[in-house]
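Below, each chain spelled out in residue letters.
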Number of protein chains: 2
Amino acid sequence: MQRDSTPFTLAACRRAAAPFALAALALALTACAAPPPAAQAPAASSPAATATTAQRPASADAAQQFTLANGMTLIVKPDRRAPTAVHMLWVRVGSVDEVSGTTGVAHVLEHMMFKGTDTLPPGEFSRRVAELGGRENAFTNRDYTGYYQQVPANRLADVMALEADRFAHNRWSDEEFGKELAVIKEERRMRTDDNPRALMYEQQMAATFVASPYRVPVIGWMGDLDAIQPQDARDFYKRWYTPANAAVVVVGDVDPQQVLAMAQKAYGGIPARALPVRKPQPEPLQKGVRRIAVKAPAEQAVVSLAFKVPQMDSLDASPSNDDALALTVLAAVLDGYSGARLDRALTQGPHRVADSASAGNGLFGRGPQLFMLTGVPAAGKTPQQVEAALRAEVARVAKDGVSEAELARVKTQWVASQVYKRDSVMGQAQEIGALWVQGMPLDADVRLVQRLRGITAAQVQAAAKKYFGDDQLTVATLVPQPRDPAAKPRPAPAAAAGDMR
Amino acid sequence: MQRDSTPFTLAACRRAAAPFALAALALALTACAAPPPAAQAPAASSPAATATTAQRPASADAAQQFTLANGMTLIVKPDRRAPTAVHMLWVRVGSVDEVSGTTGVAHVLEHMMFKGTDTLPPGEFSRRVAELGGRENAFTNRDYTGYYQQVPANRLADVMALEADRFAHNRWSDEEFGKELAVIKEERRMRTDDNPRALMYEQQMAATFVASPYRVPVIGWMGDLDAIQPQDARDFYKRWYTPANAAVVVVGDVDPQQVLAMAQKAYGGIPARALPVRKPQPEPLQKGVRRIAVKAPAEQAVVSLAFKVPQMDSLDASPSNDDALALTVLAAVLDGYSGARLDRALTQGPHRVADSASAGNGLFGRGPQLFMLTGVPAAGKTPQQVEAALRAEVARVAKDGVSEAELARVKTQWVASQVYKRDSVMGQAQEIGALWVQGMPLDADVRLVQRLRGITAAQVQAAAKKYFGDDQLTVATLVPQPRDPAAKPRPAPAAAAGDMR
């Protein structure tokens, strides 16, 4: 629960260091299959806006959800502790929506969204946000693409107008595209090709999934980036950037009705357009272990085990939903806090086999989910030993179960996380958006913690027994190679540290 | 050389038993990267047709190639031994041209091409071909799709008119699509899902290639077949079935100039259309062994090794072209004739490790090529032993080379195959079309044999040393499972045996 199923960087962000700490829950929630029908195709007769309020104890600060007449979603969460507001635009489109041959285009388009509109020249968007005293960035993942600005609350209408302009009127030249593509390829080189663990993870996903688009890296295959054309990004934009496929999330010192009025002015006039049918691309049943070695210059080996597991398709009780929750509890028991089972068994003491070890479960998402076990062998230990030790800890739970004390500990953490996450308006907006992408209701965060708290020790033990055989397992091993002493270190990126543009 | 790189069925044909024996060379030639520019986009100012004759000793029976004004290719090869003619339409489109989410659509469309035109109802095409005394079928592969009829030579114009009609005016109802899709899914179940070796091969290709479209089965993933819509097939047809992407091949008791006149009448009026840009989708460099197990109900295990190797991009001499040829000679030395090295070392004598063993090299194709080693363990032997024995035979060539007698033997076979293939007009048309798909010249078959004959023992030995490490290797093992005694045998298909419609 502390980590999602992606031990290494999955999201391809315009900048390396996102300025907000992701809430633990938002991380665990990485997308469920079907968005609510209402968000797919607005009825022609819908009123100017419809509203929903989270079904939690009514309060002035409850999040409120509206649907504009063109199908766009607006979610507003007042948080009046500081005179600031976060404005995020979420588009339910990510690398899962790409087709082969143009992988990476969702992320490329995210970059190009900063390169101008019918009325703004390249760079002007960011200049104006800065002028408003704002900070901004964007992110692309498998399931979604997002853009955000944080500004003084009284400048919200200004950033909304800017964001609505590029959502509806993004435009740039082929030359601008070519320049930005060079930046993106450099991003791929730095973050994947020169990063042995990222390279291994990329290969592991490609081996784990044969048909699901989760097999493809968010940044795209380099061969596809080499061949991508400006029109590919323009087509992708036209296809997916429609009001019914987007949500505006505002958290901060704001009044929901005022924000609704602003949003109707900024976004309400964008014409509705039908969304193309999405192909489900289900993953065929895996029937046998897959093992891949990835050789790359590195200091240490890594071994990573990906088990295919059921995912939640709603908050309701069902055998697979319950198992997905039990697996999430299992991951937390193994690795949910400092000194949890994996730490104690693998990384401590004189006979420790690993320098680090981790577990994570993918609870839901737009594609199939994994339970991951990962470890870095200690000096003198082999990946095989680490794999055996990781699996032994799951087997121990399968055999002996978990204690009530452990369960209580991880559950207390989740309850606490509900409180902690309110510390950051960014984190709140991030979680609200991530839940919307998955078609979840506004109160899904609270209900999900309730569901997790209801999981019993017996359910955790049963899940540990059921899902950790060889047949749905893909193991990747990073096999360290000596670094080429003649290789020049890659020059630092042109922008400031942490600003990987 | 005797086999291509596909030990199990790759092509998805409308019927299981193709009525012609494929010429050995045509099999080895499975597609090179770039078609000749002339075939891509005909110049607006081109004359009604341009002609090329194969640069072999001029004879009345030499193949002649023409390009119609709309960009369509026509190749005519007189063969007057019987009053019959084969008419084949080749379209340079196969599963490599599909995008994720609609895998299998090239093959689905091939089926739908029998389901009517603007003027013919479903089934009428085949009825008319039968009425002409003809036999007919079609085939889809990774690199191409083909349709053919064999008729009495004096009915050639009739089948040409029928084929041109469906090439330009294919049309069918959604209902017809639904019915045929059920047939295609049953084809997938019989030929892949219920065929353990095919299933293993499908999974091996998916593991071998992470970005190349060669990773996808020609028949398509079942999840994609479940979701495919009639419009997907119509769009694919509109996109790829253009004159510049097609060749008509006629072999038989015909006169080239008369066939040209017929073709201009039948096909010449189809309007030229631009071809969409193809994405190259190159395969990233593999850097470490991949091993997959595939469990399926079966009697015997199978182990299959796929090594990534260079492929020919033309008939010219170059290091990678020469290596590709040397690897093809190596495959023939190992497995090119009864009693060749693999047979002697693995499948004979009291200590034999395998019931069968084979080697094959992919010489060229529209996607990346493989050298395959495959074996079925003998009773009491393991896949590991068979893998070791297969690799030991390559290592033996790397260490000790090959004898001039072995080289002479495989080279004599290729020369003989040049003669044998003339036995069948079908085989000749098949080879001509397969070469055209790869952008090869008309005399490529003769020149290729010349090139193969020029390969030395030292080149074969060097190739055996160079390409058989672990880093570009993907090993698949079929792990036999007991058959479910309760499972009912699948009912035989409705059509007669060998007629998998």
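About the criteria used
- Residues numbered from 1 in each chain as written.
- Chains lettered and ligands numbered in written order.
- Predicted model: local features only at pLDDT ≥ 70, side-chain atom pairs only at ≥ 80, totals over all residues.
- Heavy atoms only, no water.
- UniProt positions renumbered as here; feature names shortened; annotations may be inferred.
- Helix = DSSP H or I, 4+ residues; strand = E, 2+ residues; numbered from the N terminus.
- Buried < 20%, exposed > 50% of the residue type's maximum accessible area, 1.4 Å probe, protein only.
- Contact = heavy atoms within 4.5 Å.
- Areas by Shrake-Rupley, 256 points an atom, 1.4 Å probe, with all protein chains shown as cover.
- Least-squares fit on C-alpha atoms with pLDDT ≥ 70 in both.
- Domains from an automatic or database assignment.
- Buried area = accessible area lost by both parts, 1.4 Å probe.
- Salt bridge = Lys/Arg side-chain N within 4 Å of Asp/Glu carboxyl O.
- Pairing = 2+ DSSP bridges.
- Polar contact = N/O pair within 3.5 Å; in protein donor to acceptor, adjacent residues only side chain to side chain.
- Arc of directions from axis to C-beta.

As recorded by an unreviewed UniProt entry, chain A carries the name Peptidase M16 and is attributed to Ottowia oryzae. Per UniProt, the comment on chain A under Cofactor (unreviewed entry) is "Zn(2+)".

> How do you make sense of the overall build of chain A when you look at a structure like this?
Helix and strand counts for chain A come out as 17 helices and 13 strands. Burial status across chain A gives 59% buried among its 501 residues. Of all intrachain contacts in chain A linking residues separated by at least 6 positions in sequence, the fraction that spans at least 24 positions is 82%. Summed over its atoms, the accessible surface of chain A is roughly 18,900 Å², and 55% of this surface lies on carbon and sulfur atoms.

> What should I look at first to understand the relation of the copies chain A and chain B in this one?
Superposition of the two copies of the chain requires a rotation about an axis together with a shift along that axis. Mapping chain A onto chain B calls for a rotation angle of 180° and an axial translation of 0.0 Å; the resulting RMSD is 0.0 Å. On this basis, the relationship between the two copies can be described by a two-fold rotation axis. The fraction of interface residues of chain A whose copies in chain B are also interface residues reaches 100%, indicating that both copies meet through the same surface.

> When you look at the UniProt feature "domain: Peptidase M16 C-terminal" (unreviewed entry) in chain A in this model, what are you seeing that I'm missing?
In the numbering used here, UniProt assigns the feature "domain: Peptidase M16 C-terminal" (unreviewed entry) to residues 228–413 of chain A. Annotated as 40% helix and 22% strand, the span residues 228–413 of chain A places its first and last C-alpha atoms 45 Å apart.

> Explain the domain arrangement of chain A here, please?
Accessible area lost upon the coming together of the parts is a frequently used measure of interface size. Residue and element names in this part refer to chain A. Splitting chain A by domain gives domain 1 (40–267) and domain 2 (290–481). Computed over C-alpha atoms, the centres of domain 1 and domain 2 are 28 Å apart. The interface is formed by 48 residues belonging to domain 1 together with 44 residues belonging to domain 2. Summed over both sides, the interface of domain 1 with domain 2 buries roughly 3,600 Å², with 66% coming from carbon and sulfur.

> Would you take a moment to explain the pattern of salt bridges for this structure?
Should their charged atoms come close, side chains of opposite charge can pair. Evaluation of the coordinates by the stated rule reveals 64 salt bridges over all chains. Across the salt bridge formed by Asp253 of chain A and Arg80 of chain A, the nearest N and O atoms sit 3.6 Å from each other. One end of the pair, Asp253 of chain A, is in the loop between strand 8 (246–252) and helix 10 (256–266); the other, Arg80 of chain A, is in the loop between strand 4 (73–78) and strand 5 (84–91), and 173 residues separate them in sequence. In this structure Asp253 of chain A comes out as partly exposed when scored by relative accessible area, which is 28%. When the shortest N-O distance is used, the salt bridge between Arg366 of chain B and Asp97 of chain B registers 2.7 Å. Highlighted residues: Arg366 of chain B in the loop between strand 11 (354–361) and strand 12 (369–377) and Asp97 of chain B in the loop between strand 5 (84–91) and helix 3 (105–112), separated in sequence by 269 residues.

> Help me understand the pairing of strand 10 (residues 302–309) of chain A in this model?
Every regular strand shows the same layout, with side chains that alternate between the two sheet faces. All names here are of chain A. Most of strand 10 sits inside the fold, with eight of its eight residues counted as buried. Covered by surrounding structure in strand 10 are Val302, Ser304, Ala306 and Lys308 together with Val303, Leu305, Phe307 and Val309, the residues of both alternating faces. One ladder, built from six bridges, connects strand 10 with strand 13 (residues 473–481); its direction is antiparallel. Within strand 13, the residue paired with Phe307 across the bridge is Leu473. Of the pairings in the sheet, the one linking strand 10 to strand 12 (residues 369–377) comprises seven bridges and is antiparallel in character. Along strand 12, the bridge assignment pairs Lys308 with Leu370.

> Sorry if this is basic, but what is going on with the interface of chain A and chain B here?
Opposite the 33 residues of chain A that make contact, chain B presents 33 residues. Interface of chain A and chain B: buried area, both sides summed, is about 2,600 Å²; carbon and sulfur atoms make up 52% of it. When the buried surface of chain A facing chain B is broken down by residue, Val210, Lys279 and Lys295 of chain A rank first, second and third, together holding 21% of it. Viewed at the interface, chain B and chain A are joined by four salt bridges. Where chain A meets chain B, there are 18 residue pairs in polar contact (both at pLDDT 80 or more).

> Would you mind showing me how to read the UniProt feature "domain: Peptidase M16 N-terminal" (unreviewed entry) in chain A here?
Here, the residues flagged by UniProt with the feature "domain: Peptidase M16 N-terminal" (unreviewed entry) are residues 80–215 of chain A. Across residues 80–215 of chain A, helical content stands at 46% and strand content at 16%; the span's end C-alpha atoms are separated by 42 Å.

> It is not clear to me how helix 16 (residues 444–453) of chain A should be interpreted in this structure. Could you clarify?
An α-helical turn contains 3.6 residues, so a residue and the one three or four places further along point in the same direction. Where helix 16 of chain A is concerned, the buried positions are Ala444, Asp445, Leu448, Val449, Arg451 and Leu452 of chain A. Buried residues in helix 16 of chain A, looked at end-on, bunch into an arc of 160°, giving them a common side.

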